Amino acid sequence: MSTGHHLFAPSSAHRWMKCAPSLAVTLVEGGTSSFEAAEGSVAHDMAGTCLQLSLDAHEVWQSVETASYDGHAVPISVEMRAYVQTYLDYVRALGGGLEVEQKIEFKPDPDFGGTADALVWDMESSTLHVIDFKYGKGIKVDSRNNAQMMCYALLALARGAVFDPVEVVLHIHQPRIDNISKWALDTAELVTFSGEVSKAITRARIAIKRYDKGEEEFTASDFTPGAHCKFCPRSGDCIGLQEQSILNAQMVFGDISAVPKETLGAILAKADLIDTWIAAVRKHAMDRALLGETIDGYKLVQKRPMRRWVNAEVVERVALDNLIEVHEKVLMTPPAVEKMFGSTKAFAVTFGYLVESVSSGLALVSADDK
């Protein structure tokens, strides 16, 4: 979890590596954090404390019911402790030498640095594990080609270690949506990536100098809009994103600037009909894809599997033998029972053989969806 004290922080690498001016224009933004961000920070602090002191989640802050963070009162709930514990169990199961909340920076350029949630050095397999704890549940995070994680790996390797790993494994642990994403790459791939980082830092520095000197205003063409805009604090007034959005709309609906002000309300009123039509198009495309037809630029993938019991009667007998109540009005789901355990390992030992992951169906997504 980056502290944000470094100019080129890994936590925002997905943005400054693609859009150089974005860093320049966001430096003047103080901003306030959301409750979700504060909640994630509290969960990170709990996890870090537990790993550093070799404690479990239920053993820390026992008398604390609410934590204050960035002006937000964050409840220290049983749910939070259970999710943190799954992360602790995951990291500890990797074995090897563990570094927690390690502040690392690139000595030749101290502006490039951050704080890694956990690093595990496994000498036996000559592997460096880089683990990032994501407490949020809004967006599923993928470790593949994850710029933030690759930056942490670069920084860890550049700092030097007892041994030189042959392989690096990036781990995203996102327990609230049951997402564990792993991606392995060799150190040679990181060397190539380091060149991309160096070029991106150079571009960003040039943009910062332009902005600071006020020699010329940024134009829309200076910016590179994309998925990374979602978390940019200046996306609302970004001329690059604004122009690209207008161009996209013009491609579909025509020239927006030519629409009389008096008719805007009527257009907005018809937006619901447009949404209905788009939904119909999506259904039609899905139906045709299910029939085996190819939809250009899209593909069918399995939806995220949901865990369910293999045999409810056996679950009830096992629960009775272990003096565990697994009923509310109906039999509790596997994730709900797992929370009661507070440990993924303990749950797996008792009920693991009674759980299966079954997808709820197919979804039509973009062909480049990971």
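Scroll up to find the structure this text is about.
For every chain, the first residue of the written sequence is number 1, and numbering continues from 1 onward in sequence order. Given that the model is predicted, a residue must reach a pLDDT of at least 70 before its local features are reported, and side-chain atom pairs must reach 80 or more before they are shown or counted; all residues, however, enter totals for whole chains, interfaces and linings. Side-chain calculation: all heavy atoms of the structure are included, whereas hydrogens and water are not.

Moving on to the overall build of the protein chain. A helix here means a DSSP run of H or I that spans at least four residues, while a strand means a run of E at least two residues long, and both kinds are numbered starting from the N terminus. Scanning the protein chain from terminus to terminus reveals 12 helices and 11 strands. Note on exposure labels: buried denotes an accessible area under 20% of the residue type's maximum, exposed denotes more than 50%, and partly exposed covers the range between, all computed with a 1.4 Å probe on protein chains only. When the 370 residues of the protein chain are sorted by exposure, 38% land in the buried category. Contacts between residues were defined by any pair of non-hydrogen atoms, one from each residue, lying within 4.5 Å. Considering only contacts in the protein chain between residues 6 or more positions apart, those separated by 24 or more positions represent 67%. A total of about 21,400 Å² of accessible surface is found on the protein chain, and carbon and sulfur atoms cover 55% of it. What sets the accessible areas is the Shrake-Rupley method with a 1.4 Å probe; for residues, cover comes only from the shown protein chains.

Okay, the environment of Pro335 next. Within the secondary structure layout, Pro335 lies in helix α11 (residues 334-341). Look at Pro335 and you get partly exposed, because its relative accessible area is 32%.

Two pairing modes exist for strands in a sheet, parallel and antiparallel, and in both the strands are linked by backbone hydrogen bonds. Any two strands between which DSSP finds at least two bridges are classified as paired. Within the open sheet, the five strands sit side by side as β3-β4-β5-β6-β7. Their pairing is mixed. With partners counted over all chains shown, the strands left at the sheet margins are β3 (97-106) and β7 (179-186), one partner each. Pairs of neighbouring strands in the sheet enclose a mean axial angle of 30 degrees, with direction left out of account. Of the strand pairs in this sheet, strand β5 (residues 127-133) and strand β6 (residues 167-174) are connected by seven bridges, and their pairing is parallel. Paired with Thr127 across the strands is Glu167, a residue of β6. Angles run from 0 to 180 degrees between N-to-C directions of axes, and those axes are lines fitted to C-alpha atoms, restricted for helices to the stretch in contact. The strands touched by helix α3 (residues 35-53) within the sheet are β3, β4 (109-122) and β5, with β3 carrying the most contacts at an inclination of about 120 degrees. Against the sheet, helix α5 (residues 147-159) engages β3, β4, β5, β6 and β7, with an angle of about 90 degrees to β4.

Time to look at the packing of α5 against helix α6 (residues 187-213). In contact at an axis separation of 10 Å, α5 and α6 are set at 105 degrees when each is read in the N-to-C sense. One finds that α5 runs roughly perpendicular with respect to α6. Contacts between α5 and α6 involve Ala147, Met150, Cys151, Ala153, Leu154 and Leu157 from the first element and Thr187, Leu190, Phe193, Ser194 and Val197 from the second. Any angle between 65 and 115 degrees counts as roughly perpendicular, while under 35 counts as roughly parallel, over 145 as roughly antiparallel, and the rest as oblique.

The next subject is the packing of aromatic side chains. Aromatic rings from Phe, Tyr and Trp, taking only the six-membered ring of Trp, are treated as a pair when their centres fall within 6.5 Å; an angle between ring planes under 30 degrees marks them as stacked, one over 60 as edge-to-face, and anything in between as tilted. Under the definition given, this model contains 13 aromatic pairs. Ring geometry for Phe8 against Trp16: centres 5.3 Å apart, planes inclined by 65 degrees, an arrangement best described as edge-to-face. Ring geometry for Trp309 against Phe347: centres 6.4 Å apart, planes inclined by 50 degrees, an arrangement best described as tilted. Linking Trp309 in strand β9 (residues 306-309) with Phe347 in helix α12 (residues 344-351), this pair joins segments that are 38 residues apart in sequence. Overall, Trp309 belongs to the buried group, its relative accessible area being 12%. Members of the aromatic cluster, each reached through a chain of ring pairs, are Phe8, Trp16, Phe106 and Phe112.

Let's shift gears to the pattern of salt bridges. Should a side-chain nitrogen of Lys or Arg be within 4 Å of a carboxyl oxygen of Asp or Glu, the pair is scored as a salt bridge. According to the stated counting rule, one finds 12 salt bridges in the structure shown. Residue Arg210 pairs with Asp222 through a salt bridge whose shortest N-O separation is 3.4 Å. Residue Arg210 is located in helix α6, and its partner Asp222 is located in the loop between α6 and α7 (239-253); the two are separated by 12 residues in the primary sequence. Judged by relative accessible area, Asp222 falls into the partly exposed class, the value being 26%.

This part covers the state of the cysteines. Two cysteine sulfurs form a disulfide in these notes if their separation is within 2.5 Å. Taken as a whole and judged by the stated rule, the model has zero disulfides. Free cysteine Cys19: the closest other cysteine sulfur is in Cys238, separated by 6.2 Å. Residue Cys19 is classed as buried on the basis of its relative accessible area, which comes to 5%.

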